[in-house]
Amino acid sequence: MNPPLEPVPAGPAREAAREGVRVGPQRDAATRAPAPAGADHEPGAVSRLAATVERLREELARARSDAAGRSLVELAVGVLVERLRCGPTEASVQLTTLAEQAGVPVLDVAADLINQASADRISAIARTFVDPSADPVPDPAALRLRTAQANALAPTDSETAARSMLEHALRPLGAAAVAIWAAHPDQSLSLRGSAGFGAAEARRWRHVPPGVVTPARRALDERAAVSHPVLADTAVPSIGQEEFTGGRLAVPAGLGGRLIGVLEVCWHEPLPELTQSLERQFEALAELAAATLETWTDQGPDTGTGSTELDGLRQLTAGVFDPCLVLHLAPDSGEAPLEFVVRHVNPAFVDFAGRPTSAVLGARLLEAYPLAAEPGGLAEKIEHVYATGEPFRTTSMRLAAMVDGVPLHTRGQVSISRHGDHLLVVWRLEDGTSRVARLLQHAQRLGRIGGFEENLHNRHIAWNDTLFELHGLPPTARPIPLEHLGEHAHPDDRDAIDRFLRTVLHHQRPASTAFRLQRPDGVTRHIRVVAEPVDQPESGLRIVRGAYQDISAQHWTEVALAATRDQLAQSEQQAAERSRLALQLQHAIMPPARGPLDLPDLRVAVRYRPAEKDHLVGGDWYDALTLPSGDVLLCVGDVAGHGIEAATGMVALRNALRGLAATGAGPGQLLSWLNSVTHHLTDNVTATAVCGLYEPATRRLRWARAGHLPPVLLRAGRAGTLPQIGGLLLGVLDHADYEEQEIRLEPGDTLVMFTDGLIERRDQSVHASLDNLLALTEKASRTAPDGRADLEAALDHLLRYSAADTDDDTCLIGVSVGEAPADGAGGGAAGA
């Protein structure tokens, strides 16, 4: 990397003692006092410190006000010395005597004397308020303007001048904020001073680029005051437009017929009526603003020796191809820390943060680059060079900027040198060429990519090291020309190679292809080659550039993925076929819905709701039929699992129970036999079931359960579960006994038998789910207008409003007592 270009310092190093500036540790030691021991642990230390700071601020404000008042008094004393031909002491006594005789403050009399002796706008304003026939009384408007003038011109600072104008002259007129703009030759504006705005708003409007039509810009273009009665009613952008939506007045500020800025005044309320007196007051304040701008400019580096130095630096940096900044100490900068202003940037200057040059030129260094104040940063090096005159150079330095609250960082070579009262800062950002080259080498190695370039005219071929490795050749071997590539490819791939070469060499278009490379060591690699011709219009095609990439790993991965994909598709097809068969089997035995069934002394309705997903086809089943003994068999069961195994297990258990029920045994014995069947005759199947036998003559129901939820009995509008009698899951043991219980049903009773898919929730216990089912059953019983629920409508209501969330299949049997035909005819089976 070349060293940074920089001008040679104009003279020998200057001694820091001669400049009277402390730098680095000396400055820190001089400005930093040791903290008292234990201060962090005193509860009132922070409060006392804050009170002290506030008191000092008030004293400083009073001191500034007193200084401004003293300047008015001193001017008035000078007027009396000239008029009375006396000394300053006698004139001061005379001024005090006049104030006592008039009964007004000395400051008022001083302002009146200055107005009488002056021939400026303020004195003209004063004369418009004085009746020649009346006793002379000091004019309050003129006094405010004189006070503002004294406060503004004392520090030669536009920011302080703006605060003084707002406090002494504008607030009495209802104004809420003021801005002082400086005009530049490129039609841009910079905010030199403001008061009443927030700090963030002032920073946002620090620079107004050319072409933005603001009230201040219009005032300069029209060379006359521009007013807006209510700014919110216009689409004109300006500082504080969201907070100060009322009146807005922009008055051009100039001296000697030359406009150098604008005074902009803001109101919360609509703009007051601009009488001739108010217009003159605002013109006087604009003239005062121009004086502060002119004062700052006169004290800057553009006058005297400073102007010569700046012109020389401008000429010196005009031919430098690296970005250059010319800095000068700010007029109001103290000893610590030093503040510098960017007075000039060369034509090659480019802000590394991407901002326009106008955002940097004219700004303070720490305003444009606030992160330069970090320890060991750019600001510290600039202060050292300014204090000692010793040039600073580094080949790598961290440069930082803040743009819209986002920190931006880069590195570069930096050179700082002092030229008289100016500092020249030159930087060259790191372009990262060598680093990018290293990254590219690593990327090629990791991606197994080799590049080449072949000159078709002189047959010179350039390969990188990776390409020799891909071809299995030593680095000293001769590279393989493109036209001989087919000789090193698998015979089946030579047609693809020929098409590739024809496209690149004959049609002169970029192309790519994949082939199997047969290396000299007997290894076959899968390679992708891509190439593009470099067209030379004056000499025809001469160069082909391209790259080879080893895609063997990718190829075998794709092969494995294709095989896995085929296996997965076959497995999915088999699973879909099994699910379809299971669903067909289930629907053939138990349709999802069928009409009510009239059995002796009973009306039975059944519902079956399949699982929402086909692969979750389960083993839920139900049955209701009249036995040869005249009893009615009522049962519901659930085989564990899903799929074809659960469906076939369900068929086996349901048919077994039908056959066993023909023996006339009770429900407990039937479940005991069914348990043995489940344990011995099926393949690792477990199930739950509820079995009931109903005697129509006595309306007696005997029932037993095998790990299943008990039925729900609805009587006289109240729902409850039958007792939780003991009973083991079917198929767990070789032999099991099951308790049996009976209950006498009454006309109008409704018995509901169901599987767990009706009530199961992942976030609730079984008891809570049962309670919800009881409440839902009572509600379903009240759906009929006459108070007696229709059985099918009640079952549909239970399925529709069930709170289950497990996507399991559900079986549901509803049995109404005493609703069969009066002659007791009927019969059949619900599951037939």
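The structure contained in this document is the topic of the report that follows. Per chain, residue numbering runs from 1 following the sequence as it is written. At least 70 in pLDDT is required for a residue's local features to be given in this predicted model, at least 80 for side-chain atom pairs to be given and counted, and no such filter applies to totals for whole chains, interfaces and linings, which use all residues. Each side-chain value is derived from all of the structure's non-hydrogen atoms; neither hydrogens nor water enter the calculation.

## A short note on the overall build of the protein chain
No. 1: Secondary structure elements follow DSSP: runs of H or I of four or more residues count as helices, runs of E of two or more count as strands, with numbering from the N terminus. When you go through the protein chain residue by residue, the secondary structure sums to 22 helices and 27 strands.
No. 2: Buried residues in the protein chain amount to 44% of all 832 residues.
No. 3: Should any heavy atoms of two residues lie within 4.5 Å, those residues are considered in contact. The long-range fraction of contacts in the protein chain, counting pairs at least 24 apart against all pairs at least 6 apart in sequence, stands at 61%.
No. 4: Per-residue and other accessible areas were derived by the Shrake-Rupley procedure at a 1.4 Å probe size, with only the shown protein chains allowed to occlude residues. When the accessible surface of the protein chain is summed, it comes to about 42100 Å², and 53% of that surface belongs to carbon and sulfur atoms. Burial classes follow relative accessibility: with a 1.4 Å probe on protein chains only, a residue under 20% of its type's maximum area counts as buried, one over 50% as exposed, and anything between as partly exposed.

## Overview of the pairing of strand E27 (residues 810–817)
No. 1: Among the 8 residues that make up E27, 8 are buried, leaving the element largely enclosed by the rest of the structure.
No. 2: A two-sided burial pattern is seen for E27, the buried positions comprising Thr-810, Leu-812, Gly-814 and Ser-816 on one face and Cys-811, Ile-813, Val-815 and Val-817 on the other.
No. 3: Only when DSSP finds a minimum of two bridges between them are two strands counted as paired. Summarising the sheet, strand E18 (residues 602–609) and E27 pair through 8 bridges and their orientation is antiparallel. Looking across to E27, one finds that Leu-602 is bridged to Val-817.

## Details of empty space enclosed by the protein
No. 1: Using protein atoms alone on a 1 Å grid, points that fit a 1.4 Å probe yet trap it form a cavity, whereas open point sets bounded by protein on both sides within 12 Å along at least five of seven lines form a pocket; residues with an atom within 4 Å of a point count as lining. Grid points are joined across faces, edges and corners, and a volume is the space filled by probe spheres set on the points. All told, the structure shown has 3 cavities of 30 Å³ or more when counted by the stated rule.
No. 2: Considered as a void within the structure, the largest cavity measures approximately 70 Å³ in volume.
No. 3: In terms of lining, the largest cavity is formed by Phe-352, Tyr-369, Leu-371, Ala-372, Glu-374, Gly-377, Leu-378, Arg-398, Leu-399, Ala-400 and Trp-427.
No. 4: Take the lining of the largest cavity: its biggest share by element is 3 residues, from strand E9 (residues 392–403).

## Remarks on helix H17 (residues 494–506)
No. 1: One less than the residue count of a helix, multiplied by 1.5 Å, gives the span that helix is expected to have. Between its first and last C-alpha atoms H17 spans 17 Å; for 13 residues at 1.5 Å apiece the expected length is 18 Å, and the two agree.
No. 2: Ala-496, Ile-497, Phe-500, Leu-501, Thr-503 and Val-504 are the residues of H17 that are buried. Looking down the long axis of H17, one finds its buried residues gathered within 160 degrees of arc, a one-sided arrangement. Exposed and oriented more than 90 degrees from the buried face of H17 are Asp-495 and His-506.
No. 3: Structurally, H17 contributes buried residues whose contacts are with strand E14 (511–518), strand E15 (524–534) and strand E16 (543–550).
No. 4: Phi turns positive one or two residues past the end of H17, at Gln-508, with a value near 55 degrees. Throughout, the arc means the angular range of directions from the helix axis out to the C-beta atoms.

## Brief notes about the sheet that holds strand E10 (residues 406–419)
No. 1: Spatially, E8-E7-E11-E10-E9 is the arrangement adopted by the 5 strands of the open sheet, whose pairing is antiparallel. At either margin of the open sheet sits one strand with a lone partner, and together these are strand E8 (340–345) and E9. On average, adjacent strands in this sheet sit at an angle of 40 degrees to one another, irrespective of strand direction.
No. 2: As judged from the 10 bridges shared by E9 and E10, these two strands associate in the antiparallel manner. In this description, a line fitted to the C-alpha atoms serves as the axis of each element, helices being fitted only across the stretch in contact, and the angle between N-to-C directions of two axes falls anywhere from 0 to 180 degrees.

## Considering the packing of aromatic side chains
No. 1: In summary, the pairing rule links any two rings of Phe, Tyr or Trp, Trp by its six-membered ring, whose centres are within 6.5 Å, and it sorts them by plane angle into stacked for under 30 degrees, edge-to-face for over 60 and tilted for everything else. For the structure shown, the criterion picks out 9 aromatic pairs.
No. 2: When the centroid spacing of 5.4 Å and the interplanar angle of 90 degrees are considered together, the rings of Phe-197 and Phe-244 count as edge-to-face. Residue Phe-197 is found in the loop between strand E2 (189–195) and helix H9 (199–204), and its partner Phe-244 is found in the loop between strand E4 (226–228) and strand E5 (248–255); the two are separated by 47 residues along the sequence.
No. 3: For Phe-197, a relative accessible area of 13% gives the class buried.
No. 4: Considering the side-chain rings of Trp-267 and Phe-282, the 5.9 Å spacing of their centres and the 85 degrees angle between planes classify their relative orientation as edge-to-face. With Trp-267 in the loop between strand E6 (258–266) and helix H11 (276–298) and Phe-282 in helix H11, this residue pair connects regions lying 15 residues apart in the sequence. Take Trp-267 and Phe-282: they sit in the same class, and that class is buried.
No. 5: If you follow Arg-418 out to its NZ or CZ, it ends over the ring of Tyr-386, 4.0 Å from the centre. The criterion is that NZ of a Lys, or CZ of an Arg, lies within 6 Å of the ring centre and within 35 degrees of the ring normal, and then a charge sits over that ring.

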